[in-house]
Amino acid sequence: MLEIQQLGMSFGGVHALSGVSLAVEPGRIYGLIGPNGAGKSTAINAITGTIVPSAGRILWHGRDVSRWPQHRRARSGLARTFQNLALFHKLSVRENVTCGAIHAHDDAGLRAAVDAALDDFGLAEVADEPVNVLSLGTRKRVEMARATVAKPKLLLLDEPAAGLTGSEITEFSTRMREFRNRGGAVLLVEHDMSLVMSLCEHLFVLDFGKLIAAGTPIEVRANPAVQAAYFGAGDDADH
Ligand SMILES: Nc1ncnc2c1ncn2[C@@H]1O[C@H](COP(=O)(O)OP(=O)(O)OP(=O)(O)O)[C@@H](O)[C@H]1O
Ligand SMILES: [Mg+2]
């Protein structure tokens, strides 16, 4: 469904991504992991169109979307959340979630889709509250609802569990398995290794912008290059 070929991104002299190739199929949960600064957010930004990559191709259902604007990619089924939430703070929860679906529905369908997303993420009771009065966990659920309201085919999540409580993380995992079971694919960027190991079926590991390993969680955990990337230089994987 998604195929990335030799993706590269440079910021001045910093090679945030170099020669990264990977593929994503429907109905699976993937993890994209690596130490701080490895290029994980840059990869999500390039796939969803927040940035234009310096090299390589992004094939989505066989079409090269590398230069498509992000709204066009969103409309074609690529949805995301942001590492540092990107909500409209003064707008209500309902208004924020509606923003994720205006391209996908007529007026009647829009209202129904937003109500369903608010229910799915336990947001019905706060639907009319402005986002800036809510807890971090609730605001993260608003972003998840906005990202999923238009029923995307691939959901790219940048550290969705950071700052969540244990029960919120369990709830998050349940929602993601439901999404996967309905045929959706997830690419999860996350530092919480117990969450990554329990939720993801396949992992990609970045280090200094390069893909250093890919495989099942068990294969990746046993990979010496991965162990060196996380522990070799004294990095703390669970920062
Ligand atoms: N807009 C930018 N301008 C300059 N450098 C950037 C920019 N965005 C990212 N970088 C650099 O690219 C590299 C990769 O950054 P990126 O944010 O993708 O890492 P990450 O894997 O998401 O890290 P973290 O786990 O800390 O979120 C880093 O060296 C970062 O400083
Ligand atoms: Mg990041």
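Conventions and cut-offs
- Within any chain, residue numbers begin from 1 and follow the written order of that chain's sequence.
- The naming scheme follows written order: chains are lettered A onward, ligands numbered 1 onward.
- Given that the model is predicted, a residue must reach a pLDDT of at least 70 before its local features are reported, and side-chain atom pairs must reach 80 or more before they are shown or counted; all residues, however, enter totals for whole chains, interfaces and linings.
- Hydrogens are left out, water is left out, and the side-chain values use all remaining heavy atoms of the structure.
- DSSP-based pairing: two strands are paired if at least 2 bridges between them are found.
- Only DSSP runs of H or I with at least four residues qualify as helices, and only runs of E with at least two residues qualify as strands; both kinds are numbered from the N terminus onward.
- The contact rule is simple, with two residues in contact once any of their heavy atoms fall within 4.5 Å.
- All axes here are fitted lines through C-alpha atoms, helices being fitted over the stretch that makes contact, and every angle between N-to-C directions spans 0 to 180 degrees.
- Centres within 6.5 Å are what make two rings of Phe, Tyr or Trp a pair, Trp counting through its six-membered ring; a difference in plane orientation under 30 degrees is then read as stacked, over 60 as edge-to-face, and the rest as tilted.
- Only protein chains enter the area calculation, which uses a 1.4 Å probe; residues under 20% of their type maximum are buried, those over 50% are exposed, and those in between are partly exposed.
- Distances decide who is a donor: an N, O or S atom must be within 2.8 Å of the metal, or within 3.2 Å for Na, K and Ca. Water is not included, so sites may look incomplete.
- Helix span is expected to be 1.5 Å times the residue number reduced by one.
- To be near a molecule or strand, a residue needs just one of its heavy atoms within 4 Å of it.
- Here a polar contact is taken to be a pair of N or O atoms separated by no more than 3.5 Å, where protein atoms must pair a possible hydrogen donor with a possible acceptor and residues adjacent in sequence count only if both atoms sit in side chains.
- Using the Shrake-Rupley algorithm and a 1.4 Å probe, accessible areas are obtained, with residue cover drawn only from the displayed protein chains.
- The residue classification treats Ala, Val, Leu, Ile, Met, Phe, Trp, Tyr, Cys and Pro as nonpolar and Asp, Glu, Lys and Arg as charged. All others, Gly included, are polar.
- Cavity means a closed set of points on a 1 Å grid over the protein atoms alone, one where a 1.4 Å probe fits but cannot get out, pocket means an open set with protein on both sides within 12 Å along at least 5 of 7 lines, and lining means a residue has an atom within 4 Å of a point.
- Grid points are joined across faces, edges and corners, and a volume is the space filled by probe spheres set on the points.

Participant: Pulling in residues and values, what's your account of the sheet that holds strand E1 (residues 2–11)?
Facilitator: Taken in spatial order, the 4 strands line up as E2-E1-E4-E5 in an open sheet, and their pairing is antiparallel. Each edge of the open sheet is held by one strand with a lone partner, namely strand E2 (14–24) and strand E5 (63–64). In terms of strand pairing, strand E4 (residues 55–60) meets E5 through 2 bridges, oriented antiparallel. Within E5, the residue paired with Trp60 across the bridge is Arg63. Those strands touched by helix H1 (residues 40–48) are E1, E2 and E4, and its axis lies near 115° from that of E1.

Participant: Give me the lowdown on the packing of aromatic side chains, citing residues and values where you can.
Facilitator: Summed over the entire model, instances satisfying the criterion amount to 1 aromatic pair. Note on Tyr30 and Phe204: the rings are 5.7 Å apart at their centroids and 5° apart in plane angle, and the pair reads as stacked. Of the two residues, Tyr30 is situated in strand E3 (residues 29–33) and Phe204 in strand E9 (residues 202–207); the sequence distance between them amounts to 174 residues. Residue class for Phe204 comes out buried when judged on its relative accessible area of 4%.

Participant: Which residues make up the environment of Pro26, and what values do they have?
Facilitator: Along the polypeptide, Pro26 turns up in the loop between E2 and E3. Pro26 sits in the partly exposed class, given a relative accessible area of 45%. Placed 12 residues apart in sequence, Pro26 and Val14 show a C-alpha to C-alpha distance of 33 Å. Once you skip the residues sitting within four places of it in the chain, Pro26 turns out to touch Met1, Gly183 and Ala185.

Participant: Tell me about the coordination of the magnesium ion (ligand 2), residues and numbers included.
Facilitator: Within the protein, the atoms that donate to the magnesium ion (ligand 2) are Ser41 (OG) and Gln83 (OE1), at distances of 2.0 to 2.1 Å. Taken as a pair, Ser41 in helix H1 and Gln83 in the loop between strand E6 (78–80) and helix H3 (93–99) lie far apart in primary sequence, 42 residues in all. Overall, the relative accessible area of 36% leaves Gln83 in the partly exposed class.

Participant: Describe helix H6 (residues 166–181), naming the residues involved and giving the relevant values.
Facilitator: Between its terminal C-alpha atoms H6 stretches 23 Å, which fits the 22 Å expected from 16 residues at 1.5 Å a residue. Of the residues trailing H6, Gly183 is marked for its positive phi of about 105°.

Participant: Break down the site of ligand 1 for me, with residues and values.
Facilitator: Near ligand 1 lie 14 residues; those nearest to it are Gly37, Lys40, Thr42, Gln83 and His191. A distance of 2.9 Å separates an oxygen atom of ligand 1 from a polar atom in the side chain of Ser41. Between ligand 1 and Gln83, the relevant distance is 2.8 Å, taken from an oxygen atom to a side-chain nitrogen or oxygen of the residue. Here ligand 1 has 640 Å² of accessible area as a free molecule, and 61% of this is covered by the chains. When residues of the shell around ligand 1 are traced back to their parent elements, those giving at least two are E2 and H1. Counting residues per element, the shell around ligand 1 draws most heavily on H1, which supplies 3 residues. In terms of residue class, the shell around ligand 1 is built from 5 nonpolar, 7 polar and 2 charged.

Participant: Now, about empty space enclosed by the protein: what can you tell me, with residues and values included?
Facilitator: The tally for this structure, following the rule as stated, stands at 2 cavities of 30 Å³ or more. Computed from the structure, the largest cavity encloses a volume of approximately 50 Å³. In this structure, the largest cavity is lined by Ile4, Leu7, Val20, Leu22, Leu32, Ala43, Ile47, Leu187 and Leu206. At the level of elements, E1, E2 and H1 are the ones that each hand at least two residues to the lining of the largest cavity. Grouping the constituent residues of the lining of the largest cavity by class yields 9 nonpolar, no polar and no charged. Of the volumes computed, that of the second largest cavity is approximately 40 Å³. Every residue lining the second largest cavity is listed: Thr81, Phe82, Leu85, Lys140, Glu143, Met144, Asp158, Glu159 and Pro160. A per-element tally of the lining of the second largest cavity places helix H5 (residues 136–148) first, with 3 residues. Of the residues belonging to the lining of the second largest cavity, the class tally is 4 nonpolar, 1 polar and 4 charged.

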